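The primary structure of each chain is shown beneath.
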Amino acid sequence: MTEGIQRVCVVLVDRANYGRLHPVMTAIKADDHLELVTVCAGTMLLERFGLAEKVVEADGFNVEGRVFLEVEGSVPVTMAKSIGLGIIEFSAEFQRLKPDMVLLIGDRYEALAAAIAAAYMNIPLAHIQGGEVSGSIDESARHAITKLAHLHFPSTARSAEFIRRMGERPDTVHNVGCPSGDYIRRLDTDLPGDLFKHVGVGGNLTPDQPFFLVIYHPVTTEFGTARQQAQNLIDALHTLSHQTVWLWPNIDAGADDISKALRVYREHNEAAWLHLVKNLSPTTFQKCLKKARCAIGNSSSFVRDSTFSGTPVVLVGDRQLGREHGENLIFVASEKDDILKAINFQIEHGRYPTSTLYGDGTASSQIVEAIKSFVPYRQKSIIHAYSNS
């Protein structure tokens, strides 16, 4: 790093990224020894995903860089091509912005592109949420980023141990918890009564009444099955016809099939119970998750963020297979009857106790202090190579 104030480039590649990095960005911005540089990329910049970049700016953050990298198609080849384009574009932005460190979170392929660019440009790379087991190609991307990163901020004790077993230097591995917990714990669940009149399309839902929250993304390693899996979930929810807020899927291969299943259903059914939303601000989303009668789908937010609120969760399919979770979560197959049975169980059970599995709500301050005390190094080696054992 350079002397004096350190320029930390936070890369945001989708709405979930921003929701978890928001408290970290706030902490960096407030520190006199650090300068926040924000780069928005991927679906953060696309209108059909709610143009989340505008939410970042509305929250008071300057967006210094933008990386357009998504190749249209939502099939495996477009994901692979997007990574290649992303490496080129991130390299250009890093060259222009000259950060002292790049900070990434999670397992997105867009983040992998940024990690490759930073590593080959000798820019120290910090990674949040490494070491987790999560299923799909995302897990491979996560571990690849870990092996490129110089500073690690896992969210659980098990993840920290896995990173050390991968040969990373123990002094660079800091088990800080998940940053989203820094503000989820403090949130109330007050939502404007007319929220869904101004956000999304579909049924006129009332947030004061019990509702389900649904997110269902494609499983890229099961490409070709997303349409039927989504239909099974729709059929289960149709049977209940309970007011439901459903966020559109991400851009991964198979996403168009999920979107098509939703559109066809709405064309042939009145569906007054269903309201579709492109994006919610981090605070509004977390309030919805915290208030939801049950969260249903396969988003990592339902695994991780729900532990801070005790929201009942029905996790559908294999997208998060192997991920650590609280007692508030039930795994089910992507079958209508299984989904229905699990939802009914969770409704009857009600809320669960909160958990500290993913931290105690102090992740952001720990991350900032570790960044400030970090001594940069370029050459990475598997630490076992220097062990006497």
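Scroll up for the structure.
So, a few notes on the structure that sits alongside this text. These figures come from a predicted structure and were not determined experimentally.

**A short note on the layout of surface pockets**
Link 1 in the chain: Approximately 190 Å³ is the volume found for the second largest pocket.
Link 2 in the chain: Lining of the second largest pocket is provided by R48, F49, S74, W248, P249, N250, I251, A255, D256, S259, R263 and K278.
Link 3 in the chain: Its residues assigned to classes, the lining of the second largest pocket comprises five nonpolar, three polar and four charged.

**A look at helix α11 (residues 282–291)**
Since the α-helix turns once every 3.6 residues, residues separated by three or four places project in the same direction.
Link 1 in the chain: In terms of burial, α11 is a largely internal element, eight of the 10 residues being buried.
Link 2 in the chain: The complete set of buried residues in α11 reads P282, T284, F285, Q286, K287, C288, L289 and K290.

**Things to note about unusual backbone geometry**
With glycine set apart, most residues show a phi of negative sign, and most peptide bonds adopt trans.
Link 1 in the chain: The phi dihedral of S74 falls on the positive side, at around 50°, and the residue is not glycine.
Link 2 in the chain: Considering the arrangement of structural elements, one finds S74 in the loop between β3 (65–67) and α3 (76–97).
Link 3 in the chain: Phi is positive for S241, close to 50°, though the residue is something other than glycine.
Link 4 in the chain: Assessed through its relative accessible area of 38%, S241 is described here as partly exposed.

**Focus on the packing of helix α9 (residues 226–240) against helix α10 (residues 255–268)**
Link 1 in the chain: Here α9 crosses α10 at 40°, and the two axes come no closer than 8 Å. One element, α9, and the other, α10, form an angle in the oblique class. Regarding α9 and α10, the two cross each other, and that crossing is right-handed. Taken together, the residues of α10 that come into contact with α9 (itself represented by A226, R227, A230, Q231, I234 and H238) are D257, I258, K260, A261, L262, V264 and Y265.
Link 2 in the chain: For the contact of α9 with α10, the per-class residue count stands at eight nonpolar, two polar and three charged.

The rules behind the values
- Residues numbered from 1 in each chain as written.
- Predicted model: local features only at pLDDT ≥ 70, side-chain atom pairs only at ≥ 80, totals over all residues.
- Heavy atoms only, no water.
- 1 Å grid on protein atoms, 1.4 Å probe; cavity = no way out; pocket = protein on both sides within 12 Å on 5 of 7 lines; lining within 4 Å.
- Points joined across faces, edges and corners; volume = space filled by probe spheres on them.
- Nonpolar A, V, L, I, M, F, W, Y, C, P; charged D, E, K, R; others polar.
- Buried < 20%, exposed > 50% of the residue type's maximum accessible area, 1.4 Å probe, protein only.
- Helix = DSSP H or I, 4+ residues; strand = E, 2+ residues; numbered from the N terminus.
- Axes fitted to C-alpha atoms, helices over the stretch in contact; angles between N-to-C directions.
- Parallel < 35°, antiparallel > 145°, perpendicular 65-115°, else oblique.
- Left-handed = near helix turned anticlockwise from the far one by under 90°.
- Contact = heavy atoms within 4.5 Å.

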